[in-house]
Amino acid sequence: MRQDDEQLWSQWMAQAQDGDGEAYRRLLVAIVPRLRAIVCKRVSDPDRAEDVVQEVLLSIHKNRHTYDPNLPFGPWMGTIAQRRTMDWLRKHYRRADQEVLVDEYPETFLAHEANAAEQDVLAFDDLDQLRQALDRLPSGQRQAVELLKLKEMSLKEASEASGISIAALKVAMHRALKSLRADMAPTAQAHEGEVEQ
Amino acid sequence: MTRSGKNLTESLIADLACDLPPVKRLAHPAKRLVKWLVIALPVSLALGALVEQQHLALAMERIVDPRILFELAAILLTALSAGYAALCCVQPGRSLRAWMLPIAPFVFWLSLVGENCWRLFEQVGPEQFSFAPHWTCFPSVAATGFAPALVMVVLLKRGAVLTPTLTVALGTLAAAALGAVGLRLYHPPDATALLMLWQLIATVTFLGVAGLGARLWSKRA
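Calculation rules
- Residues numbered from 1 in each chain as written.
- Chains lettered and ligands numbered in written order.
- Predicted model: local features only at pLDDT ≥ 70, side-chain atom pairs only at ≥ 80, totals over all residues.
- Helix = DSSP H or I, 4+ residues; strand = E, 2+ residues; numbered from the N terminus.
- Buried ≥ 20, exposed ≤ 12 C-beta atoms within 10 Å, placed from the backbone.
- Contact = placed C-beta atoms within 7 Å.
- Nonpolar A, V, L, I, M, F, W, Y, C, P; charged D, E, K, R; others polar.
- Axes fitted to C-alpha atoms, helices over the stretch in contact; angles between N-to-C directions.
- Parallel < 35°, antiparallel > 145°, perpendicular 65-115°, else oblique.
- Left-handed = near helix turned anticlockwise from the far one by under 90°.
- Core = buried A, V, L, I, M, F, W, Y, C linked by C-beta atoms within 7 Å.

Helix and strand content of chain B: 8 helices and 0 strands. Counting from the amino terminus, chain B carries its helices and strands in the arrangement α-α-α-α-α-α-α-α. Scored against the burial criterion, the 221 residues of chain B give a buried share of 39%. When contacts within chain B are restricted to residue pairs at least 6 apart in sequence, long-range pairs at least 24 apart make up 86% of them.

A count of helices and strands for chain A gives 10 helices and 0 strands. When the helices and strands of chain A are listed from N to C terminus, the series reads α-α-α-α-α-α-α-α-α-α. Considering only intrachain contacts with a sequence separation of at least 6, the fraction spanning at least 24 residues in chain A is 58%.

Moving on: the interface of chain B and chain A. Taken residue by residue, the interface counts 28 residues in chain B and 31 residues in chain A. The set of elements that each furnish at least two residues to the side of chain B that touches chain A consists of helix H1 (3-17) and helix H8 (192-220) of chain B. Ranked by residue count, the leading element in the side of chain B that touches chain A is H1 of chain B, at 9 residues. Class assignment for the residues of the side of chain B that touches chain A results in 15 nonpolar, 7 polar and 6 charged.

On to the packing of helix H4 (residues 66-89) of chain B against helix H7 (residues 164-186) of chain B, then. Residue and element names in this part refer to chain B. In contact at an axis separation of 8 Å, H4 and H7 are set at 155 degrees when each is read in the N-to-C sense. Judged by the inter-axis angle, H4 sits roughly antiparallel to H7. Crossing angle aside, the handedness with which H4 passes H7 is left-handed. Of H7, the residues touching H4 (which contributes Ile 68, Glu 71, Leu 72, Ile 75, Leu 76, Thr 78, Ala 79, Ala 82, Gly 83, Ala 85, Ala 86 and Cys 89) are Leu 166, Thr 167, Leu 170, Gly 171, Leu 173, Ala 174, Ala 177, Leu 178, Ala 180, Val 181 and Arg 184. For the contact of H4 with H7, the class distribution of residues is 17 nonpolar, 4 polar and 2 charged.

To continue, consider unusual backbone geometry. Although it is not a glycine, Glu 152 of chain A sits at a positive phi angle of roughly 55 degrees. Secondary-structure assignment places Glu 152 of chain A in the loop between helix H7 (139-150) and helix H8 (155-162). Take Glu 152 of chain A: there are 11 C-beta atoms within 10 Å of it, and that puts it in the exposed class. Although it is not a glycine, Asp 19 of chain B adopts a positive phi angle of roughly 50 degrees. Considering the arrangement of structural elements, one finds Asp 19 of chain B in the loop between H1 and helix H2 (29-51). Overall, Asp 19 of chain B belongs to the exposed group, with 8 C-beta atoms counted inside 10 Å.

Attention shifts here to the nonpolar core. Counting 74 residues, the largest nonpolar core has Met 152 and Ala 174 of chain B as the members making the most contacts within it. Of the residues forming this core, the biggest block, 12 residues, is contributed by H7 of chain B. With residues up to four places along the chain from it excluded, the contact list for Ala 174 of chain B reads Ala 79, Ala 82, Gly 83, Ala 86 and Met 152 of chain B. With 10 residues, the next largest nonpolar core counts Val 145, Leu 169, Ala 176 and Met 184 of chain A among its residues.

Quick look at the structure:
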């Protein structure tokens, strides 16, 4: 890290603490490569590393009042990045210990429509359309999808993070999937047609 | 790395920077330590005096005893150094070596407690010497330990708790030591080691409960 960068980042953070959003945006954009370098030392999967970088950004945001502009910015940022990476690794390994990998999803119901995982993959393959469909969902359902599917939280974690009960999350998730299937039905049919051909 | 992952990071940055409210900077740990001392010590001494009213004369005698003053200085130094180290822990970027500060005064305090126990053992003999809990001590322990622990929890929660175990350990030691100042002044002298043990247990319990409550509170907020 160059001395000039360090001073500039320190200055931007001091401005951000005073409520300057533009200085804050410049700072976060500037430090992301550095954060990726810190995180990637311990997390080898690039996609997961990017998740951790986002966690670190959230932590920096939450704790920005703890930065003292009289001190160098690098150690402050580095401490938060390293600690959050270690937290993520601990959580990841704990979860990995409790998971069992299976080649195929077991059939849970007799009805064919209930075992539609493959169809879902096909139907939700178009990311742009999926994003648009997600935007059209009511906020409660969208939050459930974000927590349970995009952030891959367990129901308990999602409930703790959002303050919504597990039962309500299940209902919201169920309704969201139903809405998404209905919303993207034309795409799914088109995919099915392609597969059949 | 997928493009969507990078896009999410970019949109997260845009969200975080949008409508950014100003924040109140965390003061230097030394300033926060003074705040802790100024608020917690008088409350601890006042509550201790309230509970131990019958022993106030004893406190007056003790305060002029050089040996007790020496011991009080060691206790206070432990409280201050542990408190400073705990407050440094919640401000990222400060030296992590601060945790070593309370070691010397704490060891010194323990050695004085050990000497007191040995003297007592010699006086009363093995039959009378006991580490069994005395429930009558509990109100004094709670009264003197309450304010230092509560104020410490509030101060620690204002910072970034990135190393919870170390922070709680240092905060507990600081709160227990500051509470022990009042305890050493007012409480009858026979059981310094036992009282310190009680003090630590009570403070750990209180810090744990307060920390859990704060965690639940922040999750609901």
